[in-house]
2 protein chains.
Amino acid sequence: MNHKIQQPDSNSLAPFFSPQGVAVIGASHDYSKLGYGLARNLVQSNYQGAVHFVNPKGGSLLNRPVYRHVKLVPDPVDLAILLIPAAYVPQALTECGQRGIKAAIIGSGGFRETGPEGAELEEKCLQIAHHYGMRLIGPNCIGLLDTHLPMDATFLPPPGPPPGDVAFISHSGAICAAVIDWARGQGFGLSRLVSLGNQTDVNETDVLAPVSADPFTRVLTLYLEGISDGRRFIQEAEKVALRKPIIALKVGRFASGQRAVASHTGALAGHENAFNAAFRRAGVIRADTSEEMFDWARALAWCPAPNGRSVAILTNAGGPGVTAADALETNGMALAVLAEDTIRALAGVLPPAASLHNPVDMLASASPEEYAQCLRILLADPGVHSTLVILPPPPMYAAGAVAKAIIPIIHHAEKPVIVALMGERLIQEAVEHFRAAHVPEYRFPERAASALSILAQRSEHLQRASKRTIVNTDIEKEKALKILASESIKSSDDEHGFLPPGVVRSLLEAYDIPMPPEGLAQSAQQAVTLAKQMGFPIALKIISPDISHKSDIGGVLLGIQDEENVYAGFEQILANVKRAKPDATIVGVNVQRMIPQGQEVIVGAIQDAQFGPLVMFGSGGIEVEGMKDVAFALAPVTEEEVEYLLESTWGGRKLNGYRNIAPVDSIAVKNVIYRLAQLAADLPQIQEIEINPLRVLAHGVSALDVRARI
Amino acid sequence: MNHKIQQPDSNSLAPFFSPQGVAVIGASHDYSKLGYGLARNLVQSNYQGAVHFVNPKGGSLLNRPVYRHVKLVPDPVDLAILLIPAAYVPQALTECGQRGIKAAIIGSGGFRETGPEGAELEEKCLQIAHHYGMRLIGPNCIGLLDTHLPMDATFLPPPGPPPGDVAFISHSGAICAAVIDWARGQGFGLSRLVSLGNQTDVNETDVLAPVSADPFTRVLTLYLEGISDGRRFIQEAEKVALRKPIIALKVGRFASGQRAVASHTGALAGHENAFNAAFRRAGVIRADTSEEMFDWARALAWCPAPNGRSVAILTNAGGPGVTAADALETNGMALAVLAEDTIRALAGVLPPAASLHNPVDMLASASPEEYAQCLRILLADPGVHSTLVILPPPPMYAAGAVAKAIIPIIHHAEKPVIVALMGERLIQEAVEHFRAAHVPEYRFPERAASALSILAQRSEHLQRASKRTIVNTDIEKEKALKILASESIKSSDDEHGFLPPGVVRSLLEAYDIPMPPEGLAQSAQQAVTLAKQMGFPIALKIISPDISHKSDIGGVLLGIQDEENVYAGFEQILANVKRAKPDATIVGVNVQRMIPQGQEVIVGAIQDAQFGPLVMFGSGGIEVEGMKDVAFALAPVTEEEVEYLLESTWGGRKLNGYRNIAPVDSIAVKNVIYRLAQLAADLPQIQEIEINPLRVLAHGVSALDVRARI
């Protein structure tokens, strides 16, 4: 998808965002043409740089001359926008290059999205751009705009968006058009909007830094259908998200193709888990719906950061208060326990029948002054981290008057205040006051509650980010590399790429991940000798490149207590395998000292095509795919991510004990996660590696079964 | 909460919904009084019955006389609405009773919601009502309205709701006010609205039948803070839901108190699982948010029932199509695979670059005629069960023109068509056309997808309902009752109410639930004798009313292979118990034949305070509370509910086998669920009963451990 050969250079993108002069190639008199729309928008948006129109027909348009050729365009001109049929684009681009223009937006469609011929044309454009050191946005996009510069370089029908503080970066042009219109309806403004089209050159990652550098932008919102270079996206987004929140709506959740996998980790990883792990690392907030994205954007743009998850609800009626309380709890928030002083102060303001505990129900008689006084009291309570004010269509006072009374308090507050204005027409005046004052308001208390939870999530991310570190373990990477490079692996490499057990063991040893004592026996007598060295009980397992689920076919025997049974067991396994898989190549039988009972977990890692190494942790055993009690993180992992892996799975939580399940050594488990993640990051040639189970004892762990594929 | 002593009689509620004459007691000249608001609304709503005003001050109001006393009010009058201070309500109610009025709405507050004094006043009102055979709505409510009768008997500020087909029944008055305003904003109308207030007499269940009997009502929506009588609600709602869809927003999800429980079933049951099981049985659709409830209501009111879950998406842009496809899959819908004929027909209409496979992307150039033609083609495809039409702010044609072109097709379709109008201002004209035509439209494709899934859910409910039957098992209820009534139980009844194992065994025998052979030993020698009768291997378990988690304290020994170890095991268990719980009363040691390995599940039942007997099924073992892989249904269960219990849990799904987990006897499991549910329904004195584990073999099952509490 991404043909880029050069790494992005933010400076080279400057002409897109602050051009000195713009040439519209294909500017048209015809109202139905995109070239007319763009010319009109550029002029009407009050762009202060030079505006030049180019069309072989010449003449004049919107009181400006139309040049017949781009070479005739006078200085300054550093951005070209092409709205001409696809077939003419390469020629025009060449002329732009010759004219010294270093940035071009190709709005026209008719390229890769139409088939192989279009793709060829697109490739040609990219080559021309490379030749002239020119950057390209598009083709097949609606352009970009900046409401503060100002500049509207899109061809969408007016009106453009109101100026504001939310930036929008999109893989879909049609969604851009909708967002501009939604913004108007939902009462927020846009700062910048970039439609990326086919991304033949500039992609979503490239524009993150320049868009976030805009001082008017307070929140970045992204509509993504995929990501071109996962690791670079994470890197860039992580930097940006430390300064400004990023919200992403990632679609195409169900479109991902199935890859061939040989491990539980691979089967469970999927596209979406990789995206979630990546967004988690980068601090990108993932929205599930378009509505959610813009609900959250307003709150993030306009509210201070809360210091915690305790919310006070201020209402004039019981039902909406209960609804809001429910929604807050659903979103992982808590109802603040009000201080005695707070309750006393509320009692001094409210009638006796009012409810002074959270939710604070002032009753239907609540006046604008009561709203204001109570809000001030609640915000002064140190146990209140944020406040949700509820305004149903009030039976006694106009909602607008309440809005006017509380807006100054909200502006002075250092805590977020969000408003649920329940209704439509009767609360319209209040809506307008709040929007003008940049106070986030929502028609439904549930949406307000969701926005509050995102503010808390954002605060927590910033707190974590200040102290997150990738854990580097004391490992012998060089040794591991040597192991993988050795001739013996290449020769024993099976057709599925599984590494022989001895190699796997050496790798784990290099990363200091404990395994039970074991050895490979090629005869029953050899098995007995090994068993005697290790001590009993002993487990025997068939080793064959052709057999992945060993226990299915009787390839495993456990709990063998003496030499005699080791001998018999070896013969039995070989017989079982012969019966089930007569053609299987037999490497031998693994002889292993059995480890005492304990808890069992799975730790695995895979190489994701988009984001590189991922590590998985969860409940192990043969039911892992059915139970789906697993979580993913990018490898190598941060301390905080390892905590997340353990806390978000039952397999992790129960390491601390539960009822009659004894607690076990969770620190040793964390160490294995760090080390396996490090291994996956160090050795990208290992496609999948999985410890299942990792036996966890009161002290220490042991990797009972490990498989790795290159 | 519910003081009702009589069963509801729908006829007695008739005066609320079709009164011949209404007396407003407390009608007032003072604009700020609720008594003015109600008088005004009643007159302005164009109510055709007699309207009488009562106020001791007399005079006239809104061109009508004001009577000084209700006894002076002329015929006809069958409904009184009281808006006077709480203290005066009992006297006024008495006078209404004397005047022969059989129905009253008490709008005033100041009753139970304010404390014990108010509760006493409310109780007094109820007694007066009973004395005169009068029905009461309220107190502390905003009244009711019917837009078709018409009659607005609320005191809310105008405008009232537009007439429509959605009825709303509410435990909160403030939510009523918000709903009226939301309806106007979201473009649907209300048929009836009932605010129930404190529900001293009439509650949510009572009004279901009369509201649904209204021919103008097509959907019932409920805002519930609880349910007064769970089983009666289910009964009534189930009947209503066969004719008209019911959607409920049930709040107070996190407010439920914790009850004392002794079983996993009890710990997991909780308030919400009981509500979900009840709504499932009744066919009530549960909404999570207010917005969802009304999004769904419009679709259910206006669309025909789909025959399945396959959806065609018709769009003029890629991004919105992908977003909609994602949202459909998230909501459990499928993208229809279009027939070859359909694709050929689309190709005849659309330009070559259009995408003819679902989502059908007509490209930005799509005209109103193309929208219409393609929609007709898609609806004709037998594999398409419903259609989602997407209209972003169109770059080339006005959305209004598209609306006009497709509305006639939607009206003729026998399949649902739902529209995602993405935007706000630019699509306003189209919004108005669709609303006038009763075509559900949504600003965001995700909300449209959710509405389509609810239509499918509703269809499926009706299909299932036509063939659902409670499964009656061949059981010996009389024998079970005799067992529970026997003296021996009462005498051995422990302080926690646990039944002795022998009694539990007899109960399960009466309901034909298989258990392993077992007996109670009070000496090691007795244990050996029993073991010899049963055959080996043997399990030993301590029996004590003071010990619920036997294995925690070494009270269980498994896999004993011979007489000698039975003898030693008996002594060891007693020693373990003495050490861990020296004061525990020891009934003896249970000697049980061990059952072969197999799968293990949990089947439990409890008596829910609100909804009566509930049955639980899921993954068993000691981790059941941690894994939470369980599901609930009302007892006794329907066949369809048992299928649901198995399908919605991993413990149920894996009965059919998974990878190297062999399939087992799921029919035997279903039988146990039927029988245990029947037992819980027959014997409400059994508070909790739990089989954990139920061992499931290739043929047959065995209840390995059962505990029951009365």
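Residues numbered from 1 in each chain as written. Chains lettered and ligands numbered in written order. Predicted model: local features only at pLDDT ≥ 70, side-chain atom pairs only at ≥ 80, totals over all residues. Heavy atoms only, no water.

Asker: Got a sec to walk through the overall build of chain A? Specific residues and values, please.
Answerer: From N to C terminus, chain A includes 24 helices and 30 strands. Taken along the three principal axes of its C-alpha coordinates, chain A extends 100 × 80 × 40 Å. In chain A, buried positions account for 61% of the 710 residues. Partitioning the contacts of chain A with sequence separation of at least 6, the portion at a separation of at least 24 is 72%. (Helix = DSSP H or I, 4+ residues; strand = E, 2+ residues; numbered from the N terminus. Buried < 20%, exposed > 50% of the residue type's maximum accessible area, 1.4 Å probe, protein only. Contact = heavy atoms within 4.5 Å.)

Asker: Before we move on, can you summarise the relation of the copies chain A and chain B with the specific residues and values?
Answerer: One chain copy maps onto the other through a rotation about an axis and a shift parallel to that axis. Between the two copies, chain A and chain B, the superposition gives an RMSD of 0.1 Å; the rotation angle is 180 degrees and the shift along the axis is 0.0 Å. The relationship between the two copies is best expressed as a two-fold rotation axis. For chain A, the smallest separation between a C-alpha atom and the rotation axis is recorded for M627 of chain A, amounting to 4.3 Å. By residue overlap, the copies meet face to face through one surface: 100% of the interface positions of chain A are interface positions in chain B. (Least-squares fit on C-alpha atoms with pLDDT ≥ 70 in both.)

Asker: Any chance you could break down the environment of K479 of chain A for me, citing the residues and the numbers?
Answerer: Within the secondary structure layout, K479 of chain A lies in helix α16 (residues 477-485). Here the alpha-carbon distance between K479 of chain A and L507 of chain A, two residues 28 residues apart in the chain, equals 8.2 Å.

Asker: Could you give an account of the pattern of salt bridges, naming the residues involved and the relevant values?
Answerer: Residue and element names in this part refer to chain A. Counted according to the given criterion, the structure contains 62 salt bridges over all chains. With a shortest N-O distance of 2.7 Å, E600 and R695 are connected by a salt bridge. Linking E600 in strand β25 (residues 599-608) with R695 in strand β28 (residues 688-696), this pair joins segments that are 95 residues apart in sequence. R695 gets classed as buried once you look at its relative accessible area, which sits at 7%. (Salt bridge = Lys/Arg side-chain N within 4 Å of Asp/Glu carboxyl O.)

Asker: Report on the interface of chain A and chain B, specifying residues and quantitative values.
Answerer: Contact with chain A, which involves 65 residues of that partner, is made by 65 residues of chain B. Taken as a group, D181, W182 and F444 of chain A account for 11% of the area that chain A buries against chain B, more than any other trio of residues on that side. Across the chain A-chain B interface, the total number found is six salt bridges. Residue E623 of chain B is joined to K654 of chain A by a salt bridge in which the shortest nitrogen-to-oxygen separation is 2.8 Å. At the boundary of chain A with chain B, the tally comes to 27 residue pairs in polar contact (both at pLDDT 80 or more). Mapped by element, the contributors of at least two residues to the side of chain A that touches chain B are α5 (173-186), β13 (246-250), α9 (290-302), α10 (318-330), α15 (445-467), α21 (624-627) and α23 (650-653) of chain A. Split into classes, the residues belonging to the side of chain A that touches chain B amount to 29 nonpolar, 16 polar and 20 charged. (Buried area = accessible area lost by both parts, 1.4 Å probe. Polar contact = N/O pair within 3.5 Å; in protein donor to acceptor, adjacent residues only side chain to side chain. Nonpolar A, V, L, I, M, F, W, Y, C, P; charged D, E, K, R; others polar.)

Asker: Which residues make up the packing of aromatic side chains, and what values go with them?
Answerer: All told, the structure shown has 18 aromatic pairs over all chains when counted by the stated rule. On the numbers, 5.8 Å between centres and 55 degrees between planes, the contact of F275 of chain A with F279 of chain A is tilted. One end of the pair, F275 of chain A, and the other, F279 of chain A, are both in helix α8 (residues 264-282), four residues apart, so they sit about a helical turn from each other. The class for F275 of chain A is buried, based on a relative accessible area of 0%. On the basis of relative accessible area, F279 of chain A is assigned to the buried category, the value being 2%. A network of ring pairs unites the aromatic residues F168, W182, F188 and F294 of chain A together with F444 of chain B as a single cluster. (Phe/Tyr/Trp six-rings, centres within 6.5 Å; stacked < 30°, edge-to-face > 60°.)

Asker: Go over the pairing of strand β30 (residues 706-709) of chain B, please, and point to the residues and values.
Answerer: Residue and element names in this part refer to chain B. Burial along β30 is two-sided: V706 and A708 facing one way and R707 and R709 facing the other are all buried. Note that strand β28 (residues 688-696) and β30 share four bridges and pair antiparallel. Residue pairing for β30: I691 is matched across the bridge by V706. (Pairing = 2+ DSSP bridges.)

Asker: Tell me about the nonpolar core, and name the residues and values.
Answerer: In this structure, F16, L388 and I418 of chain A together with F16, L388 and I418 of chain B are the most contacted members of the largest nonpolar core, which totals 232 residues. Those residues in contact with I418 of chain A, other than ones at most four positions away along the chain, are A299, C303, T387, L388, V389, P440, Y442, A448, A451, L452 and L455 of chain A. By size, the runner-up hydrophobic cluster in this structure holds 46 residues, among which are A480, V503, M515 and V701 of chain B. (Core = buried A, V, L, I, M, F, W, Y, C linked by side-chain atoms within 4.5 Å.)

Asker: Describe the sheet that holds strand β5 (residues 79-82) of chain A, and please don't skip the residues or the numbers.
Answerer: Residue and element names in this part refer to chain A. With mixed pairing, the seven strands of this open sheet are ordered in space as β3-β4-β2-β1-β5-β6-β7. At either margin of the open sheet sits one strand with a lone partner, and together these are β3 (60-61) and β7 (135-137). Across two bridges, β3 lies against strand β4 (residues 64-67) in antiparallel orientation. Paired with L61 across the strands is R64, a residue of β4. Packed on one face of the sheet, helix α2 (residues 34-44) meets β1 (21-25), β2 (50-54), β3, β4 and β5 and runs near 165 degrees to β2. (Axes fitted to C-alpha atoms, helices over the stretch in contact; angles between N-to-C directions.)

Asker: Tell me about the pairing of strand β22 (residues 538-543) of chain B, and name the residues and values.
Answerer: Within β22 of chain B, six of the six residues are buried, leaving the element largely enclosed by the surrounding structure. Residues I538, L540 and I542 of chain B line one face of β22 of chain B and the alternating positions A539, K541 and I543 of chain B line the opposite face, and both faces are buried.

Asker: Tell me about the side chain of E122 of chain B, residues and numbers included.
Answerer: All names here are of chain B. Mapped onto the elements, E122 comes out in helix α4 (residues 116-132). The exposure class of E122 is buried, given its relative accessible area of 2%. Within the structure, the side chain of E122 is placed 2.9 Å from the side chain of R112, a separation counted as a polar contact. Other than its neighbours up to four places away in sequence, E122 contacts F111, R112, P139, N198 and T200.

Asker: Before we move on, can you summarise unusual backbone geometry with the specific residues and values?
Answerer: Cis peptide bonds are those with omega within 30 degrees of zero, and the linkage from G138 of chain A to P139 of chain A qualifies with -5 degrees. Take P139 of chain A: it is sitting in the loop between β7 and β8 (143-146). A cis amide bond links N692 of chain A with the next residue in sequence, P693 of chain A, at an omega value of 0 degrees. With respect to the secondary-structure elements, P693 of chain A resides in strand β28. Although it is not a glycine, L62 of chain A adopts a positive phi angle of roughly 50 degrees. With a phi angle near 60 degrees, H438 of chain B is a residue other than glycine that sits in the positive phi range. Along the chain, H438 of chain B turns up in the loop between α14 (428-436) and β20 (441-442).

Asker: Hey, could you go over the sheet that holds strand β23 (residues 556-560) of chain B for me, with residue numbers and the actual values?
Answerer: Residues and elements named next belong to chain B. An order of β21-β24-β22-β23 is seen for the four strands of this open sheet, with the pairing classed as antiparallel. Edge positions in the sheet fall to β21 (518-521) and β23, since each of these pairs with one other strand and no more. Mean inter-strand twist for the sheet, computed between neighbouring axes without regard to direction, equals 20 degrees. Note: β22 against β23, three bridges, orientation antiparallel. Its bridge partner being in β23, L540 is matched across the sheet by L557. The strands touched by helix α19 (residues 524-534) are β21, β22 and β24 (588-593); relative to β21, the strand with the most contacts, the crossing angle is about 170 degrees.

Coordinates in, geometry out; function isn't part of it.
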